[in-house]
Amino acid sequence: GRDSGPRLEYAYVDYKWNSAVRARAGHFKFPFGFSQVTSSRFVDFMERSFTDDFEPGKDQGVMVYGEPKKKVISYAVGYANDGGGRASAPDTDTKGLIARGAVNFAPMVNFDKGVLHLGVDYRDGALAVGPDEFDRKATGLEAVGAYGPFKLQSEYLTVNLSTDTAANPDVDVYYVNLMWLITGEQYADSYSLNGMKA
């Protein structure tokens, strides 16, 4: 079972050369998937999507990231302890690459009060389960289209687990949701390339 005592949620050091190039090291949430990086305050439903169960979340590692053009282009490339987060990270020595890139096309086409977001996610590492270790690869796509109080959001994720002796079938998970803020707020006001935020 998990230890019920206090736990360290975030502990990292950031260095900013400029908005296009930053570095982070410590224990933090790795960007992967739009739902994962969205603030819990802005999650569309009571729970995060099923894709969230296959995304890295918080772990120990290092990352280079940036936003070369504000609200238009962002990227992140990280190297993480691939143990599945803070609960198992100290007990495993597997490591993995995590990468994400996102573009919002709305400013490029003068789509005022709108969002046209496309993101790509990649993970390559290992997963230790008891005495067994699996190669784990995940690729994902994320898309968000919004205008005024309407938003269409979707993610698609393929995960492959395999060993030297056997290959397992891919696991495909996805969701699509269409939202309407009946109170009239604009989704673009809460949008960032790294999820919906305050």
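Up top is the structure.
My aim in this report is to walk through the structure given alongside it, one point at a time.

The subject of this paragraph is the overall build of the protein chain. Scanning the protein chain from N- to C-terminus turns up two helices and eleven strands. Seen in sequence order, the protein chain has helices and strands lined up from the N terminus as β-β-α-β-β-β-β-β-β-β-α-β-β. The 198 residues of the protein chain split such that 40% are buried. Considering only contacts in the protein chain between residues 6 or more positions apart, those separated by 24 or more positions represent 55%. Of the roughly 11300 Å² that the protein chain leaves accessible, carbon and sulfur atoms contribute 58%.

This part takes up the pattern of salt bridges. Counting across every chain of the model gives four salt bridges. A salt bridge links Asp14 to Arg24; the shortest N-O distance between them is 2.8 Å. Highlighted residues: Asp14 in strand S1 (residues 11–18) and Arg24 in strand S2 (residues 21–29), separated in sequence by ten residues. Of the residues examined, Arg24 reaches a relative accessible area of 17% and is grouped as buried. Across the pair Arg100 and Asp121 runs a salt bridge whose closest N-O atoms are separated by 3.5 Å. Taken together, the positions of Arg100 in strand S5 (residues 95–104) and Asp121 in strand S6 (residues 114–129) put the pair 21 residues apart, joining distant regions of the chain. On the accessibility criterion, Arg100 (5% relative accessible area) is buried. Connected through shared salt-bridge partners, Arg100, Asp121 and Glu142 make up one network.

Core analysis: the biggest nonpolar cluster contains twelve residues, these being Phe28, Phe30, Phe32, Met63, Tyr65, Ala76, Ala80, Ile98, Ala138, Leu157, Val159 and Val173. Those elements giving two or more residues to this core turn out to be strand S3 (58–69), strand S4 (73–81) and strand S8 (150–162). Phe32 has contacts with Val37, Glu55, Pro56, Ile98, Ala99, Arg100, Asp121, Tyr122, Arg123, Ala138 and Leu157, leaving out every residue within four places of it along the chain. If you look at the next biggest cluster of nonpolar residues, it comprises eleven residues, including Phe34, Ala102, Met179 and Tyr191.

Further remarks concern the pairing of S1. As paired elements, S1 and S2 share seven bridges and run antiparallel to each other. Directly across from Asp14, in S2, lies its bridge partner Arg24. The hairpin turn running from S1 into S2, its antiparallel successor, is two residues long.

This part takes up the side chain of Ser74. For Ser74, the location among the structural elements is in strand S4. Residue class for Ser74 comes out buried when judged on its relative accessible area of 5%. If we skip the residues at most four places from it in the chain, Ser74 touches Gly66, Glu67, Pro68, Arg100, Gly101, Ala102, Leu193 and Asn194.

Rules and cut-offs
- Residues numbered from 1 in each chain as written.
- Predicted model: local features only at pLDDT ≥ 70, side-chain atom pairs only at ≥ 80, totals over all residues.
- Heavy atoms only, no water.
- Helix = DSSP H or I, 4+ residues; strand = E, 2+ residues; numbered from the N terminus.
- Buried < 20%, exposed > 50% of the residue type's maximum accessible area, 1.4 Å probe, protein only.
- Contact = heavy atoms within 4.5 Å.
- Areas by Shrake-Rupley, 256 points an atom, 1.4 Å probe, with all protein chains shown as cover.
- Salt bridge = Lys/Arg side-chain N within 4 Å of Asp/Glu carboxyl O.
- Core = buried A, V, L, I, M, F, W, Y, C linked by side-chain atoms within 4.5 Å.
- Pairing = 2+ DSSP bridges.

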